[in-house]
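# An overview of the molecular structure
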Amino acid sequence: MSELTFESVTVHYGPRRRGTTAVDRVSLSVPSGTAVGLVGESGSGKSSLARAAVGLIPLSGGRILLDGRPLGALGKSRPLQMVFQDPYSSLDPRMTVGASIAEAIPRGEPRREEVARLLELVDLPAEFAGRYPAQLSGGQRQRVALARALGGRPAVLIADEITSALDVSIQGTVLNLVRRLQEAMRLTMLFISHDLAVVRYVSDTIAVMRGGRIVECGPTTDLLNDPQHPYTRQLLAAAPRRIR
Amino acid sequence: MARVFRSPVGMGAAALLSIVLLLAIFAPLLWGERADAIDTEQILRGVSAQHWAGTDSLGRDIFFRVLVAGRLSVLLALTATAVGVLIGLILGAAPLLIGTRAGRVVTAGVNVAVAFPGLLLALFFAVVFGVGARGAVLAIGLAVAPGFARLVHTLTSTVAERDYVHAARIAGVGRVRVLLRHVLPNVGEPLVVNATVVAGGALLAFAGLSFLGLGVQAPQYDWGRLLGDGLNRIYLHPMAALAPAIAVVIAGLAFSLFGEAAARAIGIRTPHVAHLAPEEVEPVGPGGDAVLAVERLRVSFGEVSPVRDVSLTIRRGEAVGIVGESGSGKSLTALAIACLIEEPGRVGAARLEFLGHDLRASDCRPPVPPKIQQFARQSTCRGGSEAAFAGQIAGSWDGAGSWDRGHRRLLGLGMAMVFQDPMTSLNPVLRIGRQLAEVAEVHQRLRRVDAAELAVQRLDAVHIPEPRRRARQYPHEFSGGMRQRAMIGMGLMGSPALLIADEPTTALDVTVQAQVLRLLEEVRQASGAALLLISHDITVVRQVCDRVLVMYAGRVVEELPVTALDNARHPYTRALLAAVPDLDTDRGQPLAVIPGRPADPAHLPIGCAFAPRCPLADETCATNDPPLMAGVACWHPKGGGGGE
């Protein structure tokens, strides 16, 4: 596992003068073996940051380092893996679960055994390898997506709103799984969500993003108990608390 | 593809196509010699018993020549199609392979080429490549390519944006492999269908080129060539020209019809749903101060009933929440109350009264705008039809039909509805002010100017800054939260007694969500309207409502005051509350979870629908569905006393 660092990363869509700056000189560090939560509203740039990290969109400025080395271009085996929001579009409907997972496994490994091991890791029976995504529920698909991401032996795992398309009764099982895996495998993870309560549950550190910038960043307990930025306070006030 | 054969057209086309293909394969073997047999005694004869279509200038039988010519015609057409499809695939997929910037150049070139008529291109290339079969194949292939490339480009660029393609690229899968494994298989069906149609066109084009003398040269012959030879004598012996013409038409039709039938089979996938008569039960007793009184509401789609025996009463000014997971029937309940269930859905109720009016009295179904016919799945209704729904609720749908004016007025003014997705619930081509004013013009018969003024006032009431300027803007100029406010404002144009909000804040950010919820509360206080709030999020309902109905698998499993939520009696309600993490959840412990998956309305168990996921379930639960008694439908409620 290794450390992921964003150094004044800028992501800009559209022509240089006009267009929009989705991520504006963001610097953030995800230390090895820890889970950093990124919270913010839609349009705050959190997904753009994630997509830039895995190379799906080009950087307009700054750089992204893994253990001090800049990340290469997309296409080569990449030390970062990502789990997407929508479990219904993140698996190829024409490929079996096993084939989807196997695709991410590095060459020269016994694929069948590795697929079975990965499925077991995400609490799915090994015979799921032969099934198609259409036969799976949303929660099960998200587990498969997680297994595929882990199959790539990622140095860093990026989870982009992985529970927001799931029902509340299913969300809990996926969150428990993510937490258990993160702790057991000492995963370095960037966990993105608009839901402060969900981010709080999974992350050791929380970064609050707004308008393309990180407005506040700190250890989970400190940030929630003593928010400095007015926007963080606003988020905290809007998040429901259990009234007892 | 099996669906192709179910329609009569598809079956006919498939039969015709197989005949054409079989003839193309076997005719030259069977009749090749007879077609080439020269008989100088029988030159240029007309139709006879011996020669069904007469003979040509060398005394050869034209009928057999037409049959034999089928192979070359079909073969050349298919080769030309193959050339066109291959070039089209390469050009269309180029942007994926060579990157966006270079791809843009290719796409621009294709777009220019598409603008030229196909036959013109074919003639141009035929001249370039020289007269003859090979030249004609290349010419037609190249003429077909741009159109096909455009189709490939459109289809692949949609699929290329899917997350599974992104995931594969992140996993280090190369571009060519991504194209072959992920993109092409997922666009294969429409491409094959289109190629079939293209083949039909190529067949006609080839006949045309050969007819003009640019295609097949003697001694080879195809249908176009035979047609050209026969045409000189069309007034003497019409069959000599008609026979090959008929062959071209039949073969062309076979390809095109098959392609069309296949396209239709792929494009439309509506499951056939049988109709069921709704259960008719006589109403019981008047409503008292109830705004809405519903008893034993049932919504069915064929054999499946996603809403079963839901009863609820909402009093004036009361805020009632319905909570449930997706597929629990909560949104359908709201739509049924607003009379917005469309064919083939059926609504039945022992009682369905709004402000004392029986909504079942007239056919509780407005005339259906054609674009929202599909209702087989709840998600399809969320798709893009909410603007149409909103229009109906506002009563502006003016199709002629059985829905009488009184009901429209009653629902249009007395009931207001706010949908989940503020992007689709406002008509994108009408100004916000116009959309609001329409309600008052239709129902209150206000003059246009007055209605517009009222709209501005209502926008102001829902805290839209600069309402006069904003009223002149279009929905896309509003943010999500502002659109939701505008929708609430639209509801306030009448004097609603009931405001139904279906997941009004799900698509909004948390900070905006809080504002919209506060607005709903404020509107309720100011206007005295009752509120029916539907949400999957129990914490949202808790903030706003007085009373909660928890739905599972189409039934109300528990009904309780919000203050009693922490002492909920139904195991599902308790599990739902525990499953949602909040800011006080213990991070050291795993979250409480509900095992299993939500019930599927199409395959409900005999007993309690929650039993397969319930820790307390026993034999009674597996065999008997518990009735809703004393606010809870469970055999083993917390605190005892449920069911029997």
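Just so we're clear, the structure is a prediction, and the values are computed from it rather than from any experiment.

## Things to note about the overall build of chain A
- When its secondary structure is counted, chain A shows eight helices and 10 strands.
- For chain A, the C-alpha radius of gyration of 18 Å lies close to 18 Å, the compact-globule estimate for 244 residues.
- Over its C-alpha atoms, taken along the principal directions, chain A stretches across nearly 50 × 50 × 30 Å.
- Within chain A, the proportion of its 244 residues that are buried is 58%.
- A separation of at least 24 residues holds for 66% of the contacts in chain A among residues at least 6 apart in sequence.

## Digging into the packing of helix α14 (residues 432–443) of chain B against helix α15 (residues 448–461) of chain B
Residue and element names in this part refer to chain B.
- In contact at an axis separation of 8 Å, α14 and α15 are set at 115° when each is read in the N-to-C sense. Every pair of crossing elements has a handedness; the one defined by α14 and α15 is right-handed. Contact residues: α14 offers Ile-432, Gly-433, Arg-434, Leu-436, Ala-437, Ala-440 and Glu-441, while α15 offers Arg-448, Ala-451, Ala-452, Leu-454, Ala-455, Arg-458 and Leu-459.
- Partitioned by chemical class, the residues of the contact of α14 with α15 number nine nonpolar, one polar and four charged.

## Some thoughts on the interface of chain A and chain B
- Contacts between the two partners involve 60 residues from chain A and, on the opposite side, 48 residues from chain B.
- Buried surface at the junction of chain A and chain B, summed over both partners, amounts to about 4,800 Å²; 53% is from carbon and sulfur atoms.
- One can count two salt bridges joining chain A with chain B.
- For the pair chain A and chain B, the interface holds 19 residue pairs in polar contact (both at pLDDT 80 or more).
- Among the elements of the structure, α1 (46–54), β6 (80–83), α2 (97–104), α4 (138–151), α5 (168–185), α6 (196–202), α7 (220–225) and α8 (230–238) of chain A are those that each provide at least two residues to the side of chain A that touches chain B.
- Counting residues per element, the side of chain A that touches chain B draws most heavily on α5(A), which supplies nine residues.

## Brief notes about the pattern of salt bridges
- Scanning all chains against the criterion turns up 32 salt bridges over all chains.
- Across the pair Arg351(B) and Glu353(B) runs a salt bridge whose closest N-O atoms are separated by 3.7 Å. By the burial criterion, Arg351(B) is buried, and Glu353(B) matches it.
- With a closest N to O distance of 3.3 Å, Arg524(B) and Glu521(B) form a salt bridge. Residue Arg524(B) and its partner Glu521(B) are both found in helix α18 (residues 510–527); the two are separated by three residues, about one turn of the helix.
- For Glu521(B), a relative accessible area of 23% gives the class partly exposed.
- A single salt-bridge network, built from bridges that share partners, covers Glu109(A), Glu114(A), Arg117(A) and Arg153(A).

## As for the packing of aromatic side chains
Residues and elements named next belong to chain B.
- Under the criterion given, the structure shown has eight aromatic pairs over all chains.
- Between Trp-31 and Phe-64, the ring centres sit 6.0 Å apart and the planes meet at 40°, which makes this aromatic pair tilted. Pair noted here: Trp-31 is in helix α1 (residues 8–36) and Phe-64 is in helix α2 (residues 62–98), with a separation of 33 residues, a long-range link.
- Using a relative accessible area of 23% as the deciding quantity, one classes Trp-31 as partly exposed.
- Taken together, the ring pairs connect Trp-31, Trp-52, Phe-63 and Phe-64 into an aromatic cluster.

## A few points about unusual backbone geometry
- With a phi angle near 55°, Asp67(A) is a residue other than glycine that sits in the positive phi range.
- Relative to the helices and strands, Asp67(A) is located in the loop between β4 (61–66) and β5 (69–70).
- Even without being glycine, Glu503(B) reaches a positive phi, approximately 45°.
- Structurally, Glu503(B) can be placed in the loop between β8 (498–502) and α18.
- Among the residues examined, Glu503(B) registers a relative accessible area of 4% and is labelled buried.

## Focus: the packing of helix α4 (residues 118–129) of chain B against helix α5 (residues 133–160) of chain B
Residues and elements named next belong to chain B.
- Put simply, α4 and α5 touch, their axes get as near as 8 Å, and they point 145° apart. Both α4 and α5 take part in a crossing whose hand is right-handed. Taking contact as the criterion, the partners of Gly-118, Leu-121, Ala-122, Phe-125, Ala-126 and Phe-129 in α4 are, on α5, Gly-135, Leu-138, Ala-139, Ile-140, Leu-142, Ala-143 and Pro-146.
- Of the residues in the contact of α4 with α5, the class split is 11 nonpolar, two polar and no charged.

## Considerations on a nonpolar patch on the surface
- Side chains of Leu22(B), Ile25(B), Phe26(B), Leu29(B) and Leu30(B) sit close together on the surface and give an oily, nonpolar patch of about 520 Å² of accessible area.
- Take Leu30(B): it is sitting in helix α1.

## Digging into helix α3 (residues 100–115) of chain B
Residue and element names in this part refer to chain B.
- With 16 residues, α3 extends 23 Å from end C-alpha to end C-alpha; this agrees with the ideal 22 Å at 1.5 Å per step.
- Taken together, the buried positions of α3 are occupied by Gly-103, Thr-107 and Val-110. In an axial view of α3, the angular spread of the buried residues amounts to 60°, which keeps them on one side of the axis. Exposed residues lying more than 90 degrees from the buried face of α3 are Arg-101, Arg-104, Val-105, Val-112 and Ala-115.
- For α3, the elements touching its buried residues are α2 and α5.

## A few points about the layout of surface pockets
- Roughly 1,200 Å³ of volume is contained in the second largest pocket.
- At the level of elements, β1 (4–13) of chain A together with α2, α3, α5, α6 (163–170) and α7 (175–211) of chain B are the ones that each hand at least two residues to the lining of the second largest pocket.
- Considering each element in turn, the lining of the second largest pocket owes the most residues, five residues, to α3(B).

## Quick look at the confidence of the model for chain B
Residues and elements named next belong to chain B.
- Overall, the prediction assigns chain B a mean pLDDT of 81, with 87% of residues at 70 or greater.
- Considering only residues more than four positions removed or in separate chains, one finds that residues 268–287, a stretch of pLDDT under 50, has 36 contacts.
- Confidence drops under a pLDDT of 50 for residues 391–403, and excluding neighbours within four residues, the segment shows 40 contacts in the predicted structure.
- For this predicted complex, the interface score ipTM comes out at 0.81, while the overall pTM is 0.74.

## A short note on the environment of Leu78(B)
Residue and element names in this part refer to chain B.
- Its location among the elements puts Leu-78 in helix α2.
- C-alpha of Leu-78 to C-alpha of Gly-230: the two residues are 152 residues apart in sequence and 25 Å apart in space.
- Among residues more than four places away in sequence, those in contact with Leu-78 are Ala-199 and Phe-255.

## Some points on the sheet that holds strand β8 (residues 188–193) of chain A
Residues and elements named next belong to chain A.
- Taken together, six strands build an open sheet; the order of strands is β6-β7-β8-β3-β9-β10 and the sheet is mixed. In this open sheet, the two edge strands, each paired with only one partner strand, are β6 and β10 (213–219). Neighbouring strand axes in the sheet, compared pairwise and without regard to direction, differ in orientation by 20° on average.
- Of the strand pairs in this sheet, strand β7 (residues 156–160) and β8 are connected by five bridges, and their pairing is parallel. Bridged to Asp-160 within β8 is Ile-192.
- Here α4 sits on the sheet in contact with β6 and β7, set at roughly 175° to β6.

Parameters at a glance
All residue numbers here refer to positions counted from 1 along the written sequence of the relevant chain. Labels are handed out in written order, letters beginning with A for the chains and numbers beginning with 1 for the ligands. Reporting in this predicted model follows two pLDDT cut-offs: at least 70 for local features of residues, and 80 or more for side-chain atom pairs to be given and counted; totals over whole chains, interfaces and linings ignore these cut-offs and use all residues. The basis for the side-chain values is all heavy atoms of the structure; hydrogens and waters are excluded. The numbering of helices and of strands both runs from the N terminus, where a helix is a DSSP run of H or I of at least 4 residues and a strand a run of E of at least 2. Here the globule rule is a power law, 2.2 Å times the number of residues to the power 0.38, and the radius of gyration is based on C-alpha atoms. The rule is simple: take the accessible area with a 1.4 Å probe, protein chains only, and divide by the maximum for that residue type; under 20% is buried, over 50% is exposed, in between is partly exposed. Contacts are assigned to residue pairs that have any heavy atoms within 4.5 Å of one another. Throughout, an axis means a line fitted to C-alpha atoms (over the contacting stretch in the case of helices), and angles, computed between N-to-C directions, take values from 0 to 180 degrees. Handedness of each helix crossing follows the sense of rotation of the near helix against the far helix: counterclockwise by less than a right angle gives left-handed, clockwise gives right-handed. Throughout, the ten residues Ala, Val, Leu, Ile, Met, Phe, Trp, Tyr, Cys and Pro are labelled nonpolar, Asp, Glu, Lys and Arg are labelled charged, and all others, Gly among them, are labelled polar. Buried area: the accessible surface (1.4 Å probe) lost by two parts on joining, summed over both. Salt bridge criterion: a side-chain nitrogen from Lys or Arg within 4 Å of a carboxyl oxygen from Asp or Glu. Polar contact is defined as a pair of N or O atoms within 3.5 Å, subject to the rule that within protein one atom must be able to donate a hydrogen and the other to accept it, and that residues adjacent in sequence are counted only when both atoms are side-chain atoms. Pairing of aromatic rings covers Phe, Tyr and Trp, the last through its six-membered ring, and needs centres within 6.5 Å; plane angles under 30 degrees mean stacked, over 60 mean edge-to-face, and all others mean tilted. Here a patch means residues that are over 30% exposed by relative accessible area and free of salt bridges, tied together within 9 Å if like-charged and within 5 Å if nonpolar (Val, Leu, Ile, Met, Phe, Trp, Tyr). Accessible areas in this description were obtained via Shrake-Rupley with a 1.4 Å probe; residue shielding takes into account the shown protein chains only. For a helix, the expected span equals 1.5 Å multiplied by the number of residues minus one. Regarding the arc, it is the one traced by the directions from the helix axis to the C-beta atoms. Two kinds of site are reported from a 1 Å grid over the protein atoms alone, namely cavities, where a 1.4 Å probe fits but cannot get out, and pockets, open sets with protein on both sides within 12 Å along at least five of seven lines, and residues are called lining when an atom falls within 4 Å of a point. Grid points are joined across faces, edges and corners, and a volume is the space filled by probe spheres set on the points. The quantity known as pLDDT measures the predictor's confidence residue by residue, on a range of 0 to 100. In this scheme, strands are said to pair when DSSP sees at least two bridges between them.

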